[in-house]
2 protein chains.
Amino acid sequence: MRPKLTLKQIARELDVSISTVSKALKDSPEIGEDTKQKIKAFAKLYNYKPNNIALSLKNRKTKTIGIIIPEIVHYFFTTVISGVEQVANEKGYNVIVCLSNNSFDREVLNLDLLANGSTDGFILSLAKETMQKEDYHHLTEVINQGMPVVLFDRVVDEVHCDKVIIDDIIGAKKAVEHLIETGCKKIGILSTVDYVSVGKLRTRGYIEALEENDFPVDEDLILKIEDMENSEKEIGEFLKTRDVDGLFAVNEQFAVSAIGALRRQGRNVPEDVSVVGFTDGELSKNFIPSLTTVSQHGTRMGAEAAHLLIDKLERKPDEVESYKTVIVETSLVRRESTKN
Amino acid sequence: MRPKLTLKQIARELDVSISTVSKALKDSPEIGEDTKQKIKAFAKLYNYKPNNIALSLKNRKTKTIGIIIPEIVHYFFTTVISGVEQVANEKGYNVIVCLSNNSFDREVLNLDLLANGSTDGFILSLAKETMQKEDYHHLTEVINQGMPVVLFDRVVDEVHCDKVIIDDIIGAKKAVEHLIETGCKKIGILSTVDYVSVGKLRTRGYIEALEENDFPVDEDLILKIEDMENSEKEIGEFLKTRDVDGLFAVNEQFAVSAIGALRRQGRNVPEDVSVVGFTDGELSKNFIPSLTTVSQHGTRMGAEAAHLLIDKLERKPDEVESYKTVIVETSLVRRESTKN
DNA sequence: TTTCAACACGCAAACGTTTTCGGACGTTGA
DNA sequence: TCAACGTCCGAAAACGTTTGCGTGTTGAAA
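Residues numbered from 1 in each chain as written. Chains lettered and ligands numbered in written order. Predicted model: local features only at pLDDT ≥ 70, side-chain atom pairs only at ≥ 80, totals over all residues. Heavy atoms only, no water.

Caption draft 1: Up close: the nonpolar core. The biggest cluster of nonpolar side chains holds 142 residues, and the ones touching the most others in it are A:Ile123, A:Phe248, B:Ile123 and B:Phe248. When near neighbours in sequence (up to four residues on either side) are disregarded, A:Phe248 contacts A:Ala172, A:Ala175, A:Val176, A:Leu179, A:Gly188, A:Ile189, A:Leu190, A:Arg202, A:Tyr206, A:Val276, A:Gly277 and A:Phe278. (Core = buried A, V, L, I, M, F, W, Y, C linked by side-chain atoms within 4.5 Å. Buried < 20%, exposed > 50% of the residue type's maximum accessible area, 1.4 Å probe, protein only. Contact = heavy atoms within 4.5 Å.)

This is the structure:
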């Protein structure tokens with residue numbers, strides 16, 4: 001076992017000073033050609049690599065960005081991470097991932113931890129609990145300390161920072177309009193309770209689409225699900241008494257649950273009922289019938305977020321502060337769960 | 001914007017020395033009660049938190065563990081991350097995630113980067129390309145420098161370190177035996193090329209199960225897929241000319257592709273053909289019919305890996321070196337894609 | 001009054017870098 | 001012969017901590 005090589009050891013070995021070694025390795029003109037060669041050769045031979053921690057301390061930046069998400073076992077978030085990782089890597093940054101598990105406390109904990117030198121900035125999507133409590137002091141505090149933060153997906157007006165979102169309303173409208181275009185007359189929605197902002201917004205899009213097309217808005221066709229655990233049962237009950245021919249689900253899960261329930265009730269998709277989901281994940285692609293869905297392009301969102309953050313990080317200190325909100329367009333992916 | 005508070009600033013503000021502040025905050029008996037109170041109050045008021053980077057440098061450990069996986073948009077890996085994260089957090093460690101994208105070069109790059117001070121140890125699953133090249137010098141080097149490494153899932157004998165695996169052979173046997181028990185007579189397998197170790201092992205398990213039950217092993221019923229992109233088509237072709245009544249797929253993807261292809265050919269699952277998958281992901285749970293599958297318990301694997309790693313990290317230096325391989329048991333989850 | 005322990009605190013080194021500054025030495029030109 | 005200059009290198013500070021040790025002050029015991 002041979003521990004890591006340091007400048008000091010090279011210096012001692014070659015009988016020069018530490019600063020000489022440092023300069024030589026950086027190809028400084030201050031150092032004579034032959035000394036440089038000698039030092040470089042030695043460093044290469046023993047595979048010297050500078051210690052990142054020491055560099056971070058000196059430079060007061062770590063070249064790593066923290067990403068905090070509510071849960072990782074979730075296709076959308078993994079695509080976002082993937083997007084972040086990609087551009088971060090291109091720009092020489094590392095990515096450190098933390099999970100809030102939708103808990104406010106864990107979100108605060110992780111943020112605090114990473115804010116103390118471990119990262120240069122954050123990309124995060126708020127925990128459900130945080131949005132319920134409407135407590136964002138941990139974020140504003142971090143921002144106040146000069147740390148750039150980019151919020152994505154689950155964002156909130158109260159926090160002033162860059163944001164990356166999709167237009168949930170427009171996305172939902174696309175879905176519902178597609179149902180209308182393909183001949184559905186009575187369209188229901190499977191949504192979440194309102195404090196989940198995406199649920200609220202997508203419900204609004206659903207309503208707007210109906211209104212703009214002179215469809216009646218029937219509260220009885222709107223299901224707002226709170227308990228994710230029992231969503232399947234709840235959806236089944238709901239559908240049993242609703243004579244819809246079109247269904248917009250605000251996520252994949254709800255969509256497949258609905259299809260299952262419908263099938264059990266002897267109703268076929270898409271012949272009897274067309275179904276559109278939201279989020280283009282593994283399920284949508286592989287389900288039978290495959291799901292027509294609104295794709296959020298998580299990878300692109302992640303990439304955008306990373307760009308925003310890195311721009312802030314590498315901005316000259318005298319540039320004026322300004323916060324952007326980039327909206328990543330959604331797109332409707334037509335598959336088998338709707339009539340074409 | 002108020003930048004982070006340091007010991008030095010507190011010291012200046014309160015007109016004491018840096019060391020006094022440090023000791024006071026650590027409740028050292030060296031410091032007088034009133035001074036302590038004064039310092040603590042001040043620190044609390046301005047929310048002082050020690051700088052992690054400085055601590056890392058001083059202690060020569062970072063309290064973070066690196067996890068390098070081939071891809072993140074993959075249910076199994078996310079569950080593993082989740083497991084690692086959980087126990088890491090309990091023990092006060094952070095997790096930094098890197099993606100190799102199945103590329104050897106990226107694996108080396110990430111490892112090198114993180115090895116230079118950013119992490120105390122690694123948990124990783126080898127990139128496909130790495131296993132093809134059979135080049136593991138980057139790992140042995142890191143291990144030689146005294147960094148603990150835990151390999152999981154895609155492991156390899158050549159690297160000496162702790163490992164967490166499932167018994168692919170036994171898992172596959174469970175699957176095939178279940179097919180046999182439920183009355184299948186002619187059982188095929190959808191596998192991968194042999195250099196993907198899991199494919200190879202699961203194929204072996206398939207063969208062993210057949211032999212032990214006095215079933216003939218028919219090479220013609222074994223499909224080894226190389227090109228994941230076109231797996232769906234390949235599976236369709238394969239099934240068209242095989243009159244199987246049982247099918248073991250080495251992953252979820254293959255299983256659902258098979259079911260789709262069978263259905264298109266007018267064959268029902270599980271009535272005409274029973275299908276068992278491997279990996280208990282979103283797909284398996286939600287597909288219709290839901291998939292009988294061999295669960296790998298990714299979360300548990302991640303947790304085990306984290307424990308192994310942290311044990312090594314916190315081991316007294318004089319303890320003897322020893323490498324464990326823990327085998328996480330798989331379990332068969334019976335669902336609708338097989339007859340009961 | 002002297003001596004000494006106990007107490008309270010500061011100094012300085014260390015972790016591994018980078019970088020500014022200055023010093024030693026040799027060469028050049030007048 | 002000597003100043004001026006160039007070349008090559010080292011000392012030291014800095015980033016933010018922790019910690020062993022030294023030191024000054026106090027009060028009490030002798």
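Caption draft 2: Structural view of the pattern of salt bridges. Evaluation of the coordinates by the stated rule reveals 34 salt bridges over all chains. Salt-bridge contacts for A:Lys23 lead to A:Glu30; the nearest nitrogen and oxygen are separated by 3.2 Å. On the basis of relative accessibility, which here comes to 60%, the residue A:Glu30 falls in the exposed class. Note that B:Glu33 and B:Lys36 form a salt bridge whose closest N and O atoms lie 3.7 Å from each other. Of this pair, B:Glu33 and B:Lys36 both sit in helix H3 (residues 33-45), separated by three residues, roughly a single helical turn. (Salt bridge = Lys/Arg side-chain N within 4 Å of Asp/Glu carboxyl O. Helix = DSSP H or I, 4+ residues; strand = E, 2+ residues; numbered from the N terminus.)

Caption draft 3: Spotlight on the sheet that holds strand S6 (residues 187-192) of chain B. All names here are of chain B. With mixed pairing, the six strands of this open sheet are ordered in space as S7-S6-S8-S9-S10-S12. Two strands close off the open sheet at either side, each with one partner strand: strand S7 (222-225) and strand S12 (331-333). On average, adjacent strands in this sheet sit at an angle of 20 degrees to one another, irrespective of strand direction. Sheet topology note: the strand S8 (residues 246-249)/strand S9 (residues 274-278) ladder contains three bridges and is parallel. The residue bridging Gly 246 from the neighbouring strand is Ser 274, located in S9. Contacts from helix H9 (residues 168-181) reach S6, S8, S9, strand S10 (292-295) and S12, with the element oriented near 165 degrees to S9. Each of S6, S7, S8 and S9 touches helix H12 (residues 252-264); the most contacted strand, S9, lies at about 160 degrees to it. (Pairing = 2+ DSSP bridges. Axes fitted to C-alpha atoms, helices over the stretch in contact; angles between N-to-C directions.)

Caption draft 4: Just the relation of the copies chain A and chain B, in detail. For these two chains of identical sequence, chain A goes onto chain B by a turn of 180 degrees and a shift of 0.0 Å along the axis, with RMSD 0.1 Å. On this basis, the relationship between the two copies can be described by a two-fold rotation axis. Relative to the rotation axis, the C-alpha of A:Ile96 is the closest in chain A, positioned 2.0 Å from it. Taken together, the interface assignments show that 100% of the residues at the interface of chain A recur at the interface of chain B, consistent with an identical surface on both copies. (Least-squares fit on C-alpha atoms with pLDDT ≥ 70 in both.)

Caption draft 5: Summary view of the domain arrangement of chain A. Each domain of chain A was delimited in the assignment, giving domain 1 (7-50), domain 2 (62-166 + 299-328) and domain 3 (168-296). Between the C-alpha centres of domain 1 of chain A and domain 2 of chain A there is a distance of 39 Å. (Domains from an automatic or database assignment.)

Caption draft 6: View of the packing of aromatic side chains. Evaluated as defined, the whole model comprises nine aromatic pairs over all chains. Taken together, a centroid distance of 6.0 Å and an interplanar angle of 75 degrees make the contact between A:Phe287 and B:Phe287 edge-to-face. Separated into two different chains, A:Phe287 in the loop between helix H13 (282-286) and strand S10 (292-295) and B:Phe287 in the loop between helix H13 (282-286) and S10 make up a pair that spans both. Taking relative accessible area as the criterion, B:Phe287 reaches 2% and is therefore assigned buried. In this arrangement the basic side chain of A:Arg202 is found over the ring face of A:Phe278, its NZ or CZ atom lying 3.7 Å from the centre. (Phe/Tyr/Trp six-rings, centres within 6.5 Å; stacked < 30°, edge-to-face > 60°. Lys NZ or Arg CZ within 6 Å of the ring centre and 35° of its normal.)

Caption draft 7: View of the packing of helix H2 (residues 18-25) of chain B against H3(B). All names here are of chain B. For the pair H2 and H3, the least separation of the axes is 9 Å and the interaxial angle reads 85 degrees. Taken together, the axis directions place H2 and H3 in an arrangement best described as roughly perpendicular. Where H2 approaches H3, its residues Thr 20, Val 21, Ala 24 and Leu 25 are matched on the opposing element by Thr 35, Lys 36, Ile 39, Lys 40 and Ala 43. Across the contact of H2 with H3, the residue classes tally to five nonpolar, two polar and two charged. (Parallel < 35°, antiparallel > 145°, perpendicular 65-115°, else oblique. Nonpolar A, V, L, I, M, F, W, Y, C, P; charged D, E, K, R; others polar.)

Caption draft 8: Looking closely at the protein's contact with DNA strand D. Around DNA strand D, 28 residues are found, and the nearest of them are A:Thr20, A:Lys23, A:Glu30, A:Gly32 and A:Thr35. Take A:Glu30: an N or O atom from its side chain is 2.5 Å from a base nitrogen of DNA strand D. One of the side-chain nitrogen or oxygen atoms of B:Tyr48 is found 2.9 Å away from a phosphate oxygen of DNA strand D. Elements with a minimum of two residues in the surface near DNA strand D: helix H2 (18-25) and helix H4 (52-59) of chain A together with helix H1 (7-14), H2 and helix H4 (52-59) of chain B. It is H2(B) that contributes the most residues to the surface near DNA strand D, four residues altogether. Counted by class, the surface near DNA strand D contains nine nonpolar, nine polar and ten charged residues. (Near = heavy atom within 4 Å. Polar contact = N/O pair within 3.5 Å; in protein donor to acceptor, adjacent residues only side chain to side chain.)

Caption draft 9: Representation of helix H5 (residues 75-90) of chain B in the model. All names here are of chain B. Relative to the 22 Å expected for 16 residues at 1.5 Å per residue, H5 spans 23 Å between its end C-alpha atoms, a close match to the ideal helical length. Counting buried residues in H5 gives twelve out of 16 residues, a clear majority hidden from the surface. The set of residues buried in H5 consists of Phe 76, Phe 77, Thr 78, Thr 79, Val 80, Ile 81, Ser 82, Gly 83, Val 84, Glu 85, Val 87 and Ala 88. Gly 92 sits one or two positions beyond H5 and adopts a positive phi of about 80 degrees. (Expected span 1.5 Å × (residues − 1).)

Caption draft 10: View of the environment of A:Cys184. Residues and elements named next belong to chain A. Relative to the elements of secondary structure, Cys 184 occurs in the loop between helix H9 (168-181) and strand S6 (187-192). Exposure remark for Cys 184: the relative accessible area of 1% places this residue in the buried category. The spatial distance from the C-alpha of Cys 184 to the C-alpha of Lys 23 is 72 Å, given a sequence separation of 161 residues. Dropping the residues within four chain positions of it, Cys 184 is found in contact with Leu 179, Phe 215, Asp 245, Gly 246 and Ser 274.

Caption draft 11: Representation of the side chain of B:Arg267 within the structure. Residues and elements named next belong to chain B. By the element assignment, Arg 267 lies in the loop between H12 and S9. One buried charged side chain, Arg 267, makes no salt bridge at all; its nearest oppositely charged neighbour is Asp 243, positioned 4.6 Å away. In this structure the side chain of Arg 267 is engaged in a polar contact, spanning 2.5 Å, whose partner is the backbone oxygen of Leu 239. Those residues in contact with Arg 267 that sit more than four places away from it in its chain are Leu 239, Lys 240, Arg 242, Asp 243, Val 244, Leu 262, Asp 272 and Val 273. (Lys, Arg positive; Asp, Glu negative; His and termini not counted.)

Caption draft 12: Just the protein's contact with DNA strand C, in detail. Every one of the 28 residues lining DNA strand C counts as a neighbour, but B:Thr20, B:Lys23, B:Glu30, B:Gly32 and B:Thr35 are closest to it. Taken together, the sugar and phosphate atoms account for 59% of what DNA strand C places within 4 Å of the protein. The backbone of A:Asn51 places a nitrogen or oxygen atom 3.3 Å from a phosphate oxygen of DNA strand C. Here a phosphate oxygen of DNA strand C sits 2.6 Å away from a polar atom, N or O, in the main chain of B:Gly32. Breaking the surface near DNA strand C down by element, the ones donating at least two residues are helix H1 (7-14), H2 and H4 of chain A together with H2 and H4 of chain B. In terms of residue count, H2(A) provides more of the surface near DNA strand C than any other element does, four residues in total. Here the residues of the surface near DNA strand C sort into nine nonpolar, nine polar and ten charged.

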